[in-house]
Amino acid sequence: LATLMLKRFMRSQQVLLLYRILQAIQQVPKDFYCKYLKDWAREEFKRNKSATEEDITQRMITQGNMQLKELEKTLVLAKS
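- As recorded by an unreviewed UniProt entry, the protein carries the name LYR motif-containing protein 2 and is attributed to Microcebus murinus.
- As its UniProt record puts it under Sequence similarities (unreviewed entry), the protein is described as follows: "Belongs to the complex I LYR family."
- Comment text from UniProt for the protein, heading Function (unreviewed entry), reads "Involved in efficient integration of the N-module into mitochondrial respiratory chain complex I."

**What about the packing of helix α1 (residues 2-18) against helix α4 (residues 54-79)?**
Then comes step 1: It is the contact of α1 with α4, at a shortest axis distance of 10 Å, that shows an interaxial angle of 25°. On the basis of their axis angle, the class for α1 and α4 is roughly parallel. The handedness of the crossing between α1 and α4 comes out as left-handed. Side by side, α1 and α4 meet where Lys-7, Arg-11, Gln-14, Val-15 and Leu-18 of the first sit next to Glu-54, Thr-57, Gln-58, Ile-61, Gly-64 and Asn-65 of the second.

**A short note on the side chain of Arg-11**
Then comes step 1: Mapped onto the elements of the fold, Arg-11 is located in helix α1.
Then comes step 2: Glu-54 is the oppositely charged side chain nearest to the buried, salt-bridge-free Arg-11, at an N-O distance of 4.1 Å.
Then comes step 3: A polar contact of 3.3 Å, which involves the side chain of Arg-11, links it to the side chain of Thr-57.
Then comes step 4: With residues up to four places along the chain from it excluded, the contact list for Arg-11 reads Thr-52, Glu-54, Thr-57 and Ile-61.

Rules of the game
- Residues numbered from 1 in each chain as written.
- Predicted model: local features only at pLDDT ≥ 70, side-chain atom pairs only at ≥ 80, totals over all residues.
- Heavy atoms only, no water.
- UniProt positions renumbered as here; feature names shortened; annotations may be inferred.
- Axes fitted to C-alpha atoms, helices over the stretch in contact; angles between N-to-C directions.
- Helix = DSSP H or I, 4+ residues; strand = E, 2+ residues; numbered from the N terminus.
- Parallel < 35°, antiparallel > 145°, perpendicular 65-115°, else oblique.
- Left-handed = near helix turned anticlockwise from the far one by under 90°.
- Contact = heavy atoms within 4.5 Å.
- Buried < 20%, exposed > 50% of the residue type's maximum accessible area, 1.4 Å probe, protein only.
- Lys, Arg positive; Asp, Glu negative; His and termini not counted.
- Salt bridge = Lys/Arg side-chain N within 4 Å of Asp/Glu carboxyl O.
- Polar contact = N/O pair within 3.5 Å; in protein donor to acceptor, adjacent residues only side chain to side chain.

The structure is reproduced here in structure tokens:
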């Protein structure tokens, strides 16, 4: 039981770290794109908040992290 609770806690911490994507979106230069991306990210969090299967949630976390890294790379390139 303690192991299961620890896994859930760690998974929820990983999801909370993905909220960094909302901070990264704030750096998008055009308001239209910024709003579109914010709405998309919020909708994704809402749509997946009830996911409980470990393999599915881990896959979503991995995908979210990849999207965050891609957005951060794009923002760096846009600034240079």
